[in-house]
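A look at the structure
The primary structure of each chain is shown beneath.
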Amino acid sequence: MDDILKARLAEYGAVTLKGIHHFIPDKEPKKYLYDLVTDYPNRGGKGFRPGLCIATCRAYGGTLAQAIHPAVTLELLHNAFLIHDDIEDESYYRRNKQAMHRYTNPSIAVNVGDAMHVLGLYPLFKTRDSLGPAISEKLFLEIRHMVTESVEGQAMELGWRQDNISNLTDEDYLRMILKKTCWYTCMHPIRIGAIIGSNGKINPDVFNRLGYYMGTAFQIQDDILNLVAEESKYGKEIGGDIIEGKRTLMLINLLQSCSEEEKKMIEVYLSLPIKDRSTDTASNILNLMHRYDCINYSKNISKYMAGAALKEFYSVFSKLPDSNDKSFLESIILYMINRDY
């Protein structure tokens, strides 16, 4: 990743983390709740969501002070989703450490995630003080829509896994990640930043195509990294998506391309409880993905989406004066295009 991009993400991530700590109550119960709330945020992460929100706000003439509370809300909700996702996926690791439900238990982790959702509402409420009730209401509706789309997308994916659906298409996958990933990773952070920076004057729908292309490229790349990255760099168990039965673009493409015998083997494997799915069979499925060129197929779609995002970025942001934040937003898309797997 470009050093300037990393530095800016680190800068916005640090100020957002400071904001998160500000909104965590200093009271009991600490050991089983409030000390755990900061665990996932303290582990780091890419920081795309607060970064996109703050940078878009500033690119449209706003300030960091105006954007920080919504950025904190976005990051708290994101980390709450991660805690719940790790339980739903029966994951072992998150950001190079044990997932919360592994070193505590699922009940405690669910409760911490619930608390983070509630805690994330107060910084959003505080925008009334700095931005006024009209803008604050717009932001509330953005967050409401973001959460609704995210849980609907998660429901689709969890349902496919529960019912062991094996006849999905690329279009099914793209519809699912539009809901699960794109709205809350890119579309709403950019929309929220622009609403704040323009003082509510801009129509946020103009960013939807940009956010969709960005979010799609990001998610496909993340799914690919789960298969081919070094575990220490990726931060989760490599190949975990196969064992968890996630309907990634690679798995969908494999099920469309492989023989009937191979497809039956995959279906039987995915019908087992996660704890009974062997890593050896997961490795065999990964080998099939390489044999049928599913990973390169997915890489090409990701690159196409990132290129479409760059074109959309130039269309939407061309009227704004050049700035470090505008360049930062462009560099995120360029990073997606040039990302080394």
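Everything numeric in this text was worked out from a predicted model, so none of it was measured.

Here's the deal with the environment of K31
Mapping K31 onto the fold places it in helix α2 (residues 30-37). Taking the C-alpha atoms as reference points, K31 and M265, separated by 234 residues in sequence, lie 45 Å from one another.

A closer look at the packing of α2 against helix α7 (residues 106-119)
Packing of α2 against α7 brings their axes to within 9 Å, and their N-to-C directions diverge by 50°. Of the possible angle classes, the one that applies to α2 and α7 is oblique. Between α2 and α7 lies a crossing of right-handed hand. Residues Y32, L33, L36 and V37 of α2 form the contact with α7, whose own contacting residues are I108, N111, V112, A115, M116 and L119. Classifying every residue of the contact of α2 with α7 gives 9 nonpolar, 1 polar and no charged.

Some points on the packing of helix α12 (residues 208-228) against helix α19 (residues 324-338)
Any two packed helices are characterised by how steeply their axes cross, that is the angle between the axes, and by the distance between the axes. Direction vectors running N to C along α12 and α19 enclose 40°, while the axes themselves pass 10 Å from each other. On the basis of the axis angle, α12 is oblique to α19. Considering the relative orientation of α12 and α19, their crossing is left-handed. For the pair formed by α12 and α19, the contact residues are L210, M214, A217, F218 and Q221 on the first element and I332, I333 and M336 on the second. Here the contact of α12 with α19 is composed, by residue class, of 7 nonpolar, 1 polar and no charged.

Comments concerning helix α11 (residues 170-197)
C182 marks the point of greatest bend in α11, at about 65°. The buried fraction of α11 amounts to 25 of the 28 residues, a majority that puts the element mostly inside the structure.

Topic: the environment of A282
Tracing the sequence through the fold places A282 in helix α17 (residues 279-291). For A282, a relative accessible area of 7% translates into the label buried. Each C-alpha atom of the pair A282 and L124 lies 42 Å from the other, and the pair is 158 residues apart in sequence.

Brief notes about the packing of aromatic side chains
A full pass over the atoms with the stated rule returns 11 aromatic pairs. With centroids separated by 5.2 Å and ring planes inclined at 75°, the aromatic side chains of F81 and Y184 adopt a geometry described as edge-to-face. Of the two residues, F81 sits in helix α5 (residues 64-89) while Y184 sits in helix α11, which places them 103 residues apart along the sequence. When sorted by exposure, F81 lands in the same class as Y184, which is buried. Note on Y122 and F125: the rings are 6.1 Å apart at their centroids and 20° apart in plane angle, and the pair reads as stacked. Of the two residues, Y122 and F125 are both situated in helix α8 (residues 121-125); the distance of 3 residues between them amounts to about one turn of the helix. Residue classification places Y122 among the partly exposed residues on the basis of a relative accessible area of 43%.

Reading guide: rules and limits
- Residues numbered from 1 in each chain as written.
- Predicted model: local features only at pLDDT ≥ 70, side-chain atom pairs only at ≥ 80, totals over all residues.
- Heavy atoms only, no water.
- Helix = DSSP H or I, 4+ residues; strand = E, 2+ residues; numbered from the N terminus.
- Axes fitted to C-alpha atoms, helices over the stretch in contact; angles between N-to-C directions.
- Parallel < 35°, antiparallel > 145°, perpendicular 65-115°, else oblique.
- Left-handed = near helix turned anticlockwise from the far one by under 90°.
- Contact = heavy atoms within 4.5 Å.
- Nonpolar A, V, L, I, M, F, W, Y, C, P; charged D, E, K, R; others polar.
- Bend = angle between axes of the 7 residues up to and from the residue.
- Buried < 20%, exposed > 50% of the residue type's maximum accessible area, 1.4 Å probe, protein only.
- Phe/Tyr/Trp six-rings, centres within 6.5 Å; stacked < 30°, edge-to-face > 60°.

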